[in-house]
Structure formats: C-alpha cells, structure tokens
Amino acid sequence: MLTTSDLAQVLFTSPLQPSDDLSPDKIRTAIDDRLCSCDGDAAGCAAFVAQEAGDHPESFASRMRWALTAVATAYGR
C-alpha cells in the first residue's frame, strides 16, 4: 500500500497543474496513469521528483505542498 507521501510524489511528476480544474477522480486517474508509466513502481517516480527539484528548485516546495494536499483530498487521508 502506498503512503500519502508516495502518492504525492507520483502526482508531483504527473502533467496535472494546481491551476487545473481537479476532481478527486482526475487526481486518482493521473496517479494511476503515472504509476503505469513508472511500471507500477512509486520509487521509480521518485527519480523524476529529484530531477524536478534540481531543475526547478524555486517551485519544488509549492508543487509538493499542492501534491500532498491533492492526495489528501482525493484519498481522504
């Protein structure tokens, strides 16, 4: 079972944006799609998170906060 942090990292690497009109279903679908592209391995998505943190350090914290909040909303955590 994936933790809230695991799911947030997966969402972080998805193409969804905080400005999108997001429903819990869209968030869960984006996470499922992204997990499939990482061969079901949330740790594989973590490498993308690290890359984004290095490439865009100015937006990393705010995007991760958004991802954590979105996961909490979508999964009731």
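Just so it is clear, the structure is predicted and the values come from calculations on it, not from any experiment.

Definitions and limits used
- For every chain, the first residue of its written sequence is number 1, and the numbers climb from 1 along that sequence.
- Per-residue local features are limited, in this predicted model, to residues with pLDDT of at least 70; the limit for side-chain atom pairs, both in listing and counting, is 80 or more; totals at the level of whole chains, interfaces and linings are taken over all residues.
- Computation of side-chain values: all heavy atoms of the structure, hydrogens and water removed.
- Each axis is a line fitted through C-alpha atoms, and for a helix only the stretch in contact is used; angles between axes span 0 to 180 degrees, taken between their N-to-C directions.
- Where helices and strands are cited, they refer to DSSP runs of H or I of at least four residues and of E of at least two residues respectively, numbered from the N terminus.
- Angle categories are assigned with fixed cut-offs, so that under 35 degrees is roughly parallel, over 145 is roughly antiparallel, 65 to 115 is roughly perpendicular, and the rest are oblique.
- Residue contacts follow a heavy-atom distance rule, with two residues in contact if any of their heavy atoms lie within 4.5 Å.
- Under the grouping applied here, Gly and all other residues not named as nonpolar or charged are polar, the nonpolar ones being Ala, Val, Leu, Ile, Met, Phe, Trp, Tyr, Cys and Pro and the charged ones Asp, Glu, Lys and Arg.
- The span expected for a helix works out to 1.5 Å for each residue beyond the first.
- Note on exposure labels: buried denotes an accessible area under 20% of the residue type's maximum, exposed denotes more than 50%, and partly exposed covers the range between, all computed with a 1.4 Å probe on protein chains only.
- Directions pointing from the helix axis toward each C-beta atom define the arc.
- A residue's pLDDT is simply how confident the predictor is in it, with values from 0 to 100.
- Side-chain atoms within 4.5 Å are what join buried Ala, Val, Leu, Ile, Met, Phe, Trp, Tyr and Cys residues into a set we call a nonpolar core.
- Salt bridges, as used here, are contacts in which a Lys or Arg side-chain nitrogen is within 4 Å of a carboxyl oxygen on Asp or Glu.

Trainee: Describe in detail the packing of helix α3 (residues 42–55) against helix α4 (residues 57–75), supporting the description with residues and values.
Mentor: Look at α3 against α4: their axes get within 6 Å of each other, and the N-to-C directions meet at 130°. The pairing of α3 with α4 is recorded here as oblique in orientation. On α4, the residues that touch Val49, Glu52, Ala53, Gly54 and Asp55 of α3 are Pro57, Phe60 and Met64. Of the residues that constitute the contact of α3 with α4, the class distribution is 5 nonpolar, 1 polar and 2 charged.

Trainee: Could you give an account of helix α2 (residues 24–37), with specific residues and numbers?
Mentor: Helical periodicity: at 3.6 residues per turn, an α-helix aligns residues three or four positions apart in one direction. Helix length check: α2, at 14 residues, gives a terminal C-alpha distance of 20 Å against a target of 20 Å (1.5 Å per residue), a fit within 8%. For α2, the set of buried residues is Ile27, Ala30, Ile31, Arg34 and Leu35. Projected onto a plane normal to the axis of α2, the buried residues spread over an arc of 130° and lie on a single side. Along its buried surface, α2 packs onto α1 (4–12), α3 and α4. At the exit of α2 stands Asp39, carrying a positive phi of roughly 60°.

Trainee: For the side chain of Thr13, give the residues involved together with the corresponding values.
Mentor: Checked against the element boundaries, Thr13 lands in the loop between α1 and α2. Under the relative-accessibility criterion, Thr13 is labelled buried at 14%. Contacts of Thr13, omitting those with residues within four sequence positions, involve Arg34, Cys45, Phe48 and Val49.

Trainee: An account of the confidence of the model for the protein chain is requested, with residue identities and associated values reported.
Mentor: Per-residue pLDDT for the protein chain has a mean of 89; in total, 100% of the residues score no lower than 70. The secondary-structure element of the protein chain with the lowest mean pLDDT is α3, recorded at 81, while α4 shows the highest, at 94.

Trainee: Help me get a handle on the nonpolar core, residues and values and all.
Mentor: What tends to happen in soluble globular proteins is that the nonpolar side chains get buried as a cluster. By size, the foremost hydrophobic cluster in this structure holds 20 residues, and its most contacted members are Leu11, Ile31 and Ala67. At the level of elements, α1, α2, α3 and α4 are the ones that each hand at least two residues to this core. The leading source of residues in this core is α4, at 6 residues.

Trainee: Before we move on, could you go through the pattern of salt bridges and cite the residues and values that matter?
Mentor: Close approach of charged atoms allows side chains with opposite charge to pair. Scanning the entire structure with this criterion turns up 1 salt bridge. One salt bridge in this structure joins Arg28 and Asp25, with 2.5 Å as the shortest N-O distance. With Arg28 and Asp25 both in helix α2, this residue pair falls 3 residues apart, about one helical turn. Given the relative accessible area of 27%, Arg28 is considered partly exposed.

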